[in-house]
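Residue strings, one per chain:
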Amino acid sequence: MGELIAFYLLAGIAVATALAMVITRNAVHSALFLVLNLVVVAVFYLLLGAPFVAMVQIAVYAGAVMVLFLFVIMMLGAERVGGTTGLRWQVPLAGALGAALIGGTLFAFLRAPAGLAPVGSPPVPFGDPAAIGERLLTTYVLPFEITSVLLLIAMIGAVVLARDSGPEGK
Amino acid sequence: MVTLTHYLALSALLFGIGAVGFLIRRNALIIFMCVELMLNAAGLAFVAASRYRGLLEGQLTVFFVLTVAAAEVAVGLALMVAIFRTKRTTNVDELSGLRG
């Protein structure tokens, strides 16, 4: 029962922050609402027995990625950009399509018989860093290494793209 | 009792909100944040399914998605800085240089 109350409370916060992120006019407020949303999802990860993923979520997503977002928003002065859209009909259409998407997904989830089963209690050492690390470096060592190469490529790409030395630069 | 369906429904709701935001907002940075919201909603579904099945693979998938998302954000924001340098805007409606 307590778990259900916690779930609904956190779900309310998650949905409210997601909506606020989409609605608010100030890009900095948007980013801060997204940080709150990411932290709430990290708490869900903890409830689901995934402490490692939860901590990675807070450190990488809510920490590093969102700080990068805030840096860029403030550097570009993009927080002032208003909401005058060129296509008036797009907002109601997007709302209708989004509602249809949510409705269709909910229908698909709610009619699945397996979906109604309770979330079972997991085996005790579930999702702790040791178990995940062991799995990453044995069964999934190839994707793990590919990820490191991908991060290197992304780093070089970001440096090349954001470098300020065009023909009119230095 | 919190069931898998609860988590999947919440995940669908967050994903839908992110998709609508992606369509209606014109600031490229906020559009980017909506993409992050959708990725995050999918991650929640993955971890919930992982718990339901008792398998670790769902959490590993989320871990990989997180790393790829971090790389994507780094490159995407660098692109946005580069676009802002030439066009002086982050409004996607004004970035129509490729329109015929």
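Refer to the structure above for everything that follows.
Residues numbered from 1 in each chain as written. Chains lettered and ligands numbered in written order. Predicted model: local features only at pLDDT ≥ 70, side-chain atom pairs only at ≥ 80, totals over all residues. Heavy atoms only, no water.

Student: Is there a simple way to think about the interface of chain B and chain A in this case?
Tutor: Accessible area lost during the coming together of the parts is what is often quoted as the interface size. Contacts between chain B and chain A engage 69 residues on the former and 84 residues on the latter. Counting the surface lost from both chain B and chain A, the interface buries some 7100 Å², and carbon and sulfur atoms represent 76% of this. Counting the surface chain B buries against chain A, the share from its top three residues, B:Met33, B:Arg51 and B:Leu66, is 11%. At the junction of chain B with chain A, the criterion picks out 1 salt bridge. Note that A:Arg135 is salt-bridged to B:Glu57, the shortest N-O span being 2.8 Å. The interface formed by chain B and chain A contains 11 residue pairs in polar contact (both at pLDDT 80 or more). At 23 residues, the largest contribution of residues to the side of chain B that touches chain A is made by helix H3 (residues 57-87) of chain B. (Contact = heavy atoms within 4.5 Å. Buried area = accessible area lost by both parts, 1.4 Å probe. Salt bridge = Lys/Arg side-chain N within 4 Å of Asp/Glu carboxyl O. Polar contact = N/O pair within 3.5 Å; in protein donor to acceptor, adjacent residues only side chain to side chain. Helix = DSSP H or I, 4+ residues; strand = E, 2+ residues; numbered from the N terminus.)

Student: Just to check I follow, could you spell out helix H1 (residues 4-24) of chain B for this structure?
Tutor: An α-helical segment advances 3.6 residues per turn. Residues three or four places apart therefore align on the same side. Taking 1.5 Å per residue, 21 residues should reach 30 Å; H1(B) reaches 31 Å between its end C-alpha atoms and fits that length. Here H1(B) lies mainly inside the structure; 15 of its 21 residues are buried. (Expected span 1.5 Å × (residues − 1). Buried < 20%, exposed > 50% of the residue type's maximum accessible area, 1.4 Å probe, protein only.)

Student: Looking at this structure, how should I read the nonpolar core?
Tutor: Side chains that are nonpolar tend, in soluble globular proteins, to be buried together. Counting residues in each nonpolar core, the largest one holds 70 residues, and the members touching the most others are A:Phe44, A:Tyr45, A:Met66, A:Phe69 and B:Met33. Each of domain 1 (1-81) and domain 2 (128-170) of chain A gives at least three residues to this core. (Core = buried A, V, L, I, M, F, W, Y, C linked by side-chain atoms within 4.5 Å. Domains from an automatic or database assignment.)

Student: Help me out: how do you make sense of the side chain of B:Asn27 in this one?
Tutor: Residues and elements named next belong to chain B. Inspection of the secondary structure assignment puts Asn27 in the loop between H1 and helix H2 (28-53). Using a relative accessible area of 2% as the deciding quantity, one classes Asn27 as buried. One polar contact links the side chain of Asn27 to the main-chain amide nitrogen of Leu29, over a distance of 3.1 Å.

Student: I would appreciate a short explanation of unusual backbone geometry in the present structure.
Tutor: Excluding glycine, residues mostly have negative phi values, and the peptide bonds linking residues are mostly trans. Residue and element names in this part refer to chain B. One non-glycine residue, Arg88, lies in positive phi territory at about 60°. Relative to the helices and strands, Arg88 is located in the segment after H3. With relative accessibility at 57%, the residue Arg88 sits in the exposed group.

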